Amino acid sequence: MVKICCIGAGYVGGPTMAVIALKCPSVEVAVVDISVPRIAAWNSDQLPIYEPGLDGVVKQCRGKNLFFSTDVEKHVSEADIVFVSVNTPTKTRGLGAGKAADLTYWESAARMIADVSKSDKIVVEKSTVPVKTAEAIEKILTHNSKGIKFQILSNPEFLAEGTAISDLFNPDRVLIGGRETPEGQKAIQALKDVYAQWVPEDRILTTNLWSAELSKLAANAFLAQRISSVNAMSALCEATGANVKQVSFAVGTDTRIGPKFLNASVGFGGSCFQKDILNLVYICECNGLPEVAEYWKQVIKINDYQKNRFVNRVVASMFNTVSNKKIAILGFAFKKDTGDTRETPAIDVCKGLLGDKARLSIYDPQVTEDQIQRDLTMNKFDWDHPLHLQPMSPTTVKQVSVVWDAYEATKDAHGVCILTEWDEFKDLDFQRIYDNMQKPAFVFDGRNIIDVDKLREIGFIVYSIGKPLDPWLKDMPAVA
Ligand code: UDX
Ligand code: ADP
């Protein structure tokens, strides 16, 4: 029986291993983590991450061929294939600060694998990693191997949160990079045999190590670039009276461009896009390619511009001050169908409004008060460390209250900001919300999900990204 161990029971490791266990009954899968509460949650009815369909998959396999454990060393030493899916934060000090990845957790995982191994192993990098990680890990393993042979593979994960299970069941492609030696090719084949149990062979692509790593960065950079492109257009639409939805639809019907990832928004978030682009920028700079680095930096700059622009629209519309006004924030997660808040645009928007002394009442169906308070007090990039090493938030932001209902959040509010496209927000009774708000009542839709005409009929002053402006907003400055 093939034994797989995955180090890191997070958003990538957990769902990916659960699906491997489901699809490969003859493989034994152990998911290990240093975080005791995280493993306890994986072994309970309340899984540590919210992902549609995940519960069912875990319930079918847990205790049969899927195990969650904190006994990292035991499971690593017994495994034939070790996936590594640990945190790779952005460095905040020293060489490459603000761009380069901090490989502390990766390096300690690699050293531990070398220490505890008694048999040959395939080591697979799974989490989003910076460039050339595989090469670095290979060096650590081979220098400490005591004669044991390690083969390194790069098998980047392309799942998106909120649709992780269907992405894993039916991936566009599985990418496996390895050394072009006979041993490297044998390792690639061993991992291919696992995926081939449910993924059609023609969707399993094999490359060299570095191409696999770079493909992941490139794919995420291309996706993020589409969003920044349409967000840049949204600013032009507002300035000229075009409608970004109509523009992006027209653009996306060109089969060479395609319709996906063209929704204008308050900005992209998530653990990957910004981090991967920063890594790409760093490697370009290190390789003497400042023009290429500058090109990709713009994708992040436009994303920051979009978040700022949104805050400025809110403040400018409300007579240039939100001081002591109640603003309802609907949605805090970085996208719908996840409780994940890593790099969510809501953090920057809320911080911007708090900077103007607003009082915030926040509602998100999946994000806890503790998480929101943490996010609003944490320093940039601190989120990407194992939970027990993250700074606790002894100070809570007093002007922020977190409630469990959209009607409660909007009661007596001066304005409403929609920051996540949760389906339930489309069905809200906006007449009821309007009746219970201060007047004039404002709605700022950062996700373009509401019916603008209907809300204007009710009496709201409405701003919806990239849509023709309400006469109220026309002469207000959009950028500070
Ligand atoms: C992304 C990649 O899609 C995935 O392949 C990779 O493995 C990890 O990074 P994820 O971050 O989970 O996945 O979500 P994604 O659906 O890509 O959304 C990222 C952000 O872009 C979200 O904040 C989303 O709201 C935003 N977005 C997406 C838009 O603003 N407009 C769009 O048209 C699409
Ligand atoms: P991702 O989104 O890439 O899955 P997460 O932050 O959700 O990232 O998960 C990474 C996990 O890796 C965390 O649960 C963290 O506790 C775990 N981890 C970090 N370092 C180690 C290590 N050396 N050994 C075991 N687990 C680790």
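The rules behind these values
Residues numbered from 1 in each chain as written. Chains lettered and ligands numbered in written order. Predicted model: local features only at pLDDT ≥ 70, side-chain atom pairs only at ≥ 80, totals over all residues. Heavy atoms only, no water. UniProt positions renumbered as here; feature names shortened; annotations may be inferred. Near = heavy atom within 4 Å. Polar contact = N/O pair within 3.5 Å; in protein donor to acceptor, adjacent residues only side chain to side chain. Areas by Shrake-Rupley, 256 points an atom, 1.4 Å probe, with all protein chains shown as cover. Nonpolar A, V, L, I, M, F, W, Y, C, P; charged D, E, K, R; others polar. Domains from an automatic or database assignment. Contact = heavy atoms within 4.5 Å. Buried area = accessible area lost by both parts, 1.4 Å probe. Salt bridge = Lys/Arg side-chain N within 4 Å of Asp/Glu carboxyl O.

- Looking up the protein in an unreviewed UniProt entry gives the name UDP-glucose 6-dehydrogenase, with the organism given as Ziziphus jujuba var. spinosa.
- Listed in UniProt under the heading Sequence similarities (unreviewed entry), the comment for the protein reads: "Belongs to the UDP-glucose/GDP-mannose dehydrogenase family."
- A UniProt comment under Pathway (unreviewed entry) is attached to the protein, and it reads "Nucleotide-sugar biosynthesis; UDP-alpha-D-glucuronate biosynthesis; UDP-alpha-D-glucuronate from UDP-alpha-D-glucose: step 1/1."

1. Quick look at the site of ligand 2
And then number 1: Near ligand 2, the surroundings consist of 17 residues, among which Y11, V12, D33, R38 and R342 are the closest.
And then number 2: In this structure, Y11 approaches ligand 2 through a main-chain N or O atom, which is 3.1 Å from an oxygen atom.
And then number 3: Coverage of ligand 2 by the protein amounts to 91% of the 580 Å² it exposes when considered alone.
And then number 4: Partitioned by chemical class, the residues of the shell around ligand 2 number 7 nonpolar, 7 polar and 3 charged.

2. Things to note about the domain arrangement of the protein
And then number 1: Taken domain by domain, the protein comprises domain 1 (2-199) and domain 2 (241-464).
And then number 2: Spacing between the C-alpha centres of domain 1 and domain 2 amounts to 31 Å.
And then number 3: At the interface, 23 residues of domain 1 touch 27 residues of domain 2.
And then number 4: Summing the contributions of domain 1 and of domain 2, the shared interface buries around 2,200 Å²; its carbon and sulfur component is 57%.
And then number 5: Summed over the three residues of domain 1 that lose the most area to domain 2, namely Y50, K99 and E161, the buried surface amounts to 29% of that side.
And then number 6: In this assembly, domain 1 and domain 2 are joined by 2 salt bridges.
And then number 7: One salt bridge connects R342 with E161, and the closest N-O pair in it is separated by 3.2 Å.
And then number 8: Connecting domain 1 to domain 2 are 6 residue pairs in polar contact (both at pLDDT 80 or more).
And then number 9: Among the residues making up the side of domain 1 that touches domain 2, the classes are represented as 12 nonpolar, 8 polar and 3 charged.

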